[in-house]
Structure formats: structure tokens, C-alpha cells
Amino acid sequence: MAPDITLYGIVDPQIARGRSLARLARAAADGGTTIIQYRAKEAVTRAMIAEARGIVAALSGTNVPLLINDRVDVALASGAQGVHLGREDMHPADARALLGPQAIIGATVKGRDDLLALRGQPVDYVCIGGVFATSHKDNPDPPLGIHGFRALRAEARELLGHLPVGAIAGITVENAGSLMEAGADGVAVIGALFAGEDPCRAAKAFLPVLRRAA
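Residue positions are counted from 1 within each chain, in the order its sequence is given. Predicted model: local features are reported for residues with pLDDT of at least 70 only, side-chain atom pairs are reported and counted for 80 or more only, and whole-chain, interface and lining totals are derived from all residues. The basis for the side-chain values is all heavy atoms of the structure; hydrogens and waters are excluded.

## Here's the deal with the pattern of salt bridges
One speaks of a salt bridge when a side-chain nitrogen belonging to Lys or Arg is within 4 Å of a carboxyl oxygen belonging to Asp or Glu. Scanning the model with the defined rule gives 10 salt bridges in all. Between Asp30 and Arg26 there is a salt bridge, with its nearest N and O atoms 3.0 Å apart. Taken together, the residues span about one helical turn, with Asp30 and Arg26 both in helix H2 (residues 21–30) at a distance of 4 residues. Among the residues examined, Asp30 registers a relative accessible area of 46% and is labelled partly exposed. One salt bridge in this structure joins Asp114 and Arg87, with 2.8 Å as the shortest N-O distance. Of this pair, Asp114 sits in helix H6 (residues 112–118) while Arg87 sits in the loop between strand E4 (82–85) and helix H5 (92–99), placing them 27 residues apart in sequence. Three labels apply to residues, based on accessible area from a 1.4 Å probe with only protein chains included: buried if under 20% of the type maximum, exposed if over 50%, partly exposed otherwise in between. On the basis of relative accessibility, which here comes to 12%, the residue Asp114 falls in the buried class. Under the DSSP-based scheme used, a helix requires at least four consecutive residues in state H or I and a strand at least two consecutive residues in state E, with every element numbered from the N terminus.

## Description of helix H7 (residues 145–160)
If you check H7, its first and last C-alpha atoms are 21 Å apart, about what 16 residues at 1.5 Å a residue would give, namely 22 Å. What H7 keeps buried is the set Gly145, Gly148, Phe149, Leu152, Arg153, Ala156, Leu159 and Leu160. Summarising the axial view, the buried residues of H7 lie within an arc of 135°, below the 170-degree limit, and thus occupy one face. Those residues of H7 that are exposed and angled more than 90 degrees off the buried face are His147 and Glu158. Any two residues whose heavy atoms approach within 4.5 Å are treated as being in contact. For H7, the secondary structure elements touched by its buried residues are strand E5 (104–109), H6, strand E6 (125–128), strand E7 (165–168) and helix H8 (173–181). A positive backbone phi angle near 70° is found at Gly161, which sits one or two residues after H7. Given a helix with a known number of residues, its expected span is that number minus one, times 1.5 Å. This arc is taken over the directions from the axis of the helix to the C-beta atoms.

## Description of unusual backbone geometry
In the segment running from Gly129 into Gly130, the intervening peptide bond is cis, with an omega of 0°. Along the chain, the position of Gly130 falls in the loop between E6 and H7. Positive phi is not limited to glycine here, since Asp70 has a value of about 75°. As for its position among the elements, Asp70 is in the loop between strand E3 (66–69) and helix H4 (72–78). In this structure, Ala169 takes a positive phi of about 100° despite not being glycine.

## What about the sheet that holds strand E1 (residues 7–11)?
Spatially, E1-E2-E3-E4-E5-E6-E7-E8 is the arrangement adopted by the 8 strands of the closed barrel, whose pairing is parallel. Averaged over all neighbouring strand pairs, the angle between strand axes comes to 25°, with direction disregarded. As defined by bridge partners, E4 adjoins E5 across 4 bridges and the pair is classed as parallel. Among the inter-strand pairings, Val83 is bridged to a residue of E5, identified as Ile105. Pairing between strands is defined by DSSP: at least two bridges between them are needed. Geometry is summarised by axes, namely lines fitted to C-alpha atoms with helices restricted to the contacting stretch, and by angles between N-to-C directions that run from 0 to 180 degrees.

So this is what it looks like as C-alpha cells:
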């Protein structure tokens, strides 16, 4: 069964400002976030594993899976439900061999070449981006915008079939509906969910917009 990426929250120590990532993740899940990714580009391995285990425990009973950004080893050690891979990370087939058939494996798509590289690969969803400018991740490529996202989404449908496709970067309640209308199956959100004090309330604000546009 394909993962539900309708509202895809990304927790990151840089956005947490010292707050508990586990509590942030649980609050977002309680508000209706459908999948959580833990991203910590600068963290050392042991700290990442400990943090990931805490998030897994916090999400227990919610049916919201936790994915680890980039790090297959951290996913294995922490008991997370899968990984999200960039173009320089482990090959999806290798990640699948290590994580097994039940794991969720996602991949980043920045252009047509990425889509071509993912044909026939064991991935469960992809995220296209960055769609808009964002301060939460360094991105050397210019933003795609709605038009660019719509075009790449159409190519994804042609090359990857019915695989769920999300949109990422700079996404807010105000622009999420336009992305869903442009073909997104969900939106990946960092700041608009976790920069404020109440991720539960923030998630609840997104859901009517996403469901209305779907």
C-alpha cells in the first residue's frame, strides 16, 4: 500500500530551537500530519539514533510512520519505518535490500533526469522540489514554482505511473491548495508546521486546504 503523504512533516533541530523533536512530531501527528521525516544534516550518528528512537516512541499508537532523511543506518538502528533518499545517498535498491519489503522508501526529484533514474526502482513515493524559496535548506537550484512543478508532475506520471508525488520547499497554508490542484498528492512542510509554538494547530489548518483541493 502506498504511504499517505498528504501532510508530510519534517522535523529538524534547526527549526526546533532547542525544543523536543519527539514532542513536536507527536503534536503534528495529533493534528493530522500523515507522515514524519527526521532530518539532521549536522548530527553525529549516535545522537541521531537516540533522537530517532525518541521520535519513534512518541509516535507509537498514531499510525504515523517515521522516515529518516538520508541515513539508512539510522533507520535500521532506531526502528524507524523507512528513509528518504537524495540523489547522492544510498541507491534505493540497496536501501530496500537492507530495510526489507515493508519499509517506506522515498526519493527527491529535482528534474527529469532524477525521474529517469528512478524508473523501475523500489521507491514508494517521490517529492519534487524545491518548489518555492525556503530558508530551511540550502538549494542551489532556482525554485520550480507552480508551473515548473506541474510540468515535472506530469512527467512523473508518465515515467513513474501512479507513484505518490509530493511537493516540498516554501509551502504554506496559502499556497498548498494550488500545489494540490497542480497534481501534488501531498505537501512536505517544515517551517509552516514547526516554526510556531503549536504544530498540532498548524497541522489542523493545513488539512481542510489539502482535502478540498485533492
